[in-house]
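Residue-level structural notes
Residues per chain, in single letters:
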Amino acid sequence: MSPQQLSPSVRRVAVVGGARIPFARSDGPYATASNQQMLTTALDGLVERYGLQGPGAVGEFVAGAVLKHARDFNLARETVLGSRLHPSTPAYDIQQACGTGLQAVIAAANKIALGQTDSAVAGGADTASDAPLGVNDSLRRILLEVRRATSPGARLKALAKVRPGHLVPDIPRNAEPRTGLSMGEHAAVTARARGIPRAAQDELAATSHQRLAAAYERGFFQDLVVPFRGLARDQNLRPGSTVEKLAALTPVFGLGHPDPTMTAGNSTPLTDGAATVLLASEEWARERGLEPQAYLTAYETAAVDFVGGDVAGGEDGLLMAPAHAVPRMLERAGLGLDDFDLVEIHEAFASQVLATLAAWEKRGLGTVDRARLNVAGSSLATGHPFAATGARIVATLAKLLAERDAPARGLISVCAAGGQGVTAILERA
């Protein structure tokens, strides 16, 4: 929802800048790093860059993670306490699957727009390497029975029920609870239904790597990326990626159907990382001599019935909610796709990006010039630590807009598990 529509007295929300750590493939350099350690490093980079030390320097910190241990129940606050941000800074967690980072930005922006705070930091972190392993549910029930027992005999009787199979941990599943299908399998259903060709997917993936590599080479990420555990660039980046190299890869999703098209090369890998963004009112930024890079002017969320879509053969797939969110947001803002100088679509899968573009066109929004799409690369090249991606995109797009001499506008589209989508508009006055 556009802040201007909430109240005639709301304030513009500035994106001042961002900081993140390089994203790493799971079970790699960050294999032993926790969500809190990664998020703290990204936050400290932001604090140092913008001089956010001292009491009251930032009004609030909001962040989240999708894969959380029990110890992460208060992740944002614990991150503040372990960072260079002052301990008196309030913090809270938020989570909406892959939309978490962007939702954190929106939550912070709303408070700034309404004058409830003058500044805030938003972000997210996720580690696929250190995914939580739960106690086998059958064992958990036995242990609860032991705890409730009122005598030694009753405890022993309950413990006698334990069998070797109960010691197998409950490992997080990359599958939708309602369908049992992984995100990749859902995306394969959509790609097949919409006729998204393999060559187009590989071309988009190769372009993402090439553009991210070019952005690093020109120094674009010098003030956005904070080195961590020996990495200074995103580990998933393959500068030499070409359509020909990607075409040689074997499909990994949709294998139960003829001519599967989705490979490890045109899908995002499991990734570890963290990202943060500094948001503020214009007055707060001006008092500190900070130049806003862009302004967050509109946002919209949506959800689709993917159970009746992918599974039952309907039109809406798991990752297609942005096909609804963006048209609603543009109608409210009185804009069309042609009004955007830059478009950032989270690349969960190349097929999903192409399906989203096709859906927008089908809904009468027009086409997106590929020269304006993900111009500094996106998730296929950077990787995708679920809760960090939204903040990464906001910081990247804001800086891209700030590089332009003239006023400019950028669109953000993020799909999320559970059939959800989060979208936003950034503008450079």
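The coordinates are above.
Let us look at the structure shown here.

Thresholds applied
Residues numbered from 1 in each chain as written. Predicted model: local features only at pLDDT ≥ 70, side-chain atom pairs only at ≥ 80, totals over all residues. Heavy atoms only, no water. Helix = DSSP H or I, 4+ residues; strand = E, 2+ residues; numbered from the N terminus. Expected span 1.5 Å × (residues − 1). Contact = heavy atoms within 4.5 Å. Polar contact = N/O pair within 3.5 Å; in protein donor to acceptor, adjacent residues only side chain to side chain. Salt bridge = Lys/Arg side-chain N within 4 Å of Asp/Glu carboxyl O. Buried < 20%, exposed > 50% of the residue type's maximum accessible area, 1.4 Å probe, protein only. Core = buried A, V, L, I, M, F, W, Y, C linked by side-chain atoms within 4.5 Å. Axes fitted to C-alpha atoms, helices over the stretch in contact; angles between N-to-C directions. Parallel < 35°, antiparallel > 145°, perpendicular 65-115°, else oblique. Left-handed = near helix turned anticlockwise from the far one by under 90°. Nonpolar A, V, L, I, M, F, W, Y, C, P; charged D, E, K, R; others polar.

1. Points about helix H6 (residues 183–194)
- The terminal C-alpha atoms of H6 lie 17 Å apart, and with 12 residues this matches the ideal 16 Å at 1.5 Å per residue to within 8%.
- Following H6 by one or two positions, glycine 195 adopts a phi angle in the positive range, close to 65 degrees.

2. Quick word on the environment of threonine 117
- As for its position among the elements, threonine 117 is in the loop between helix H3 (100–113) and strand S5 (119–126).
- When the C-alpha atoms of threonine 117 and aspartate 259 are compared, they prove to be 54 Å apart, with 142 residues separating the residues in sequence.
- Among all residues touching threonine 117, those that are not within four sequence positions of it are Arg11, Gly59, Lys111 and Ile112.
- At a separation of 3.2 Å, a polar atom in the side chain of threonine 117 contacts the main-chain carbonyl oxygen of serine 119.

3. A few points about the pattern of salt bridges
- With the rule as written, the count across this model stands at 19 salt bridges.
- Ionic pairing is found between arginine 288 and glutamate 287, a salt bridge with its closest N-O pair at 3.5 Å.
- Taking relative accessible area as the criterion, arginine 288 reaches 41% and is therefore assigned partly exposed.
- Among the salt bridges present, the one from arginine 404 reaches aspartate 341, with a minimum N-O distance of 4.0 Å.

4. Considerations on the nonpolar core
- Within the largest apolar cluster, 48 residues are counted, with the highest numbers of intra-cluster contacts made by Leu102, Phe221, Leu279, Val394, Ile412 and Leu426.
- Not counting chain neighbours up to four residues away, the residues in contact with leucine 426 comprise Val15, Ala294, Tyr295, Leu296, Val394, Leu397, Ala398, Leu401, Ala408, Arg409, Gly410 and Ile412.
- Judged by nonpolar contacts, the second largest core, of 35 residues, contains Tyr30, Val47, Ala65 and Phe228.

5. Notes on the packing of helix H11 (residues 322–333) against helix H12 (residues 350–362)
- For the pair H11 and H12, interaxial distance at closest approach is 9 Å and the crossing angle is 45 degrees. In terms of orientation, H11 and H12 fall into the oblique class. Judged by the twist between their axes, the crossing of H11 over H12 is right-handed. Here H11 contributes Pro322, Ala323, Val326 and Pro327 to the contact with H12, which in turn contributes Thr356, Ala359 and Trp360.
- A breakdown of the residues in the contact of H11 with H12 according to their chemical character gives 6 nonpolar, 1 polar and no charged.

Fair warning: the whole summary comes from geometry, so function is off the table for now.
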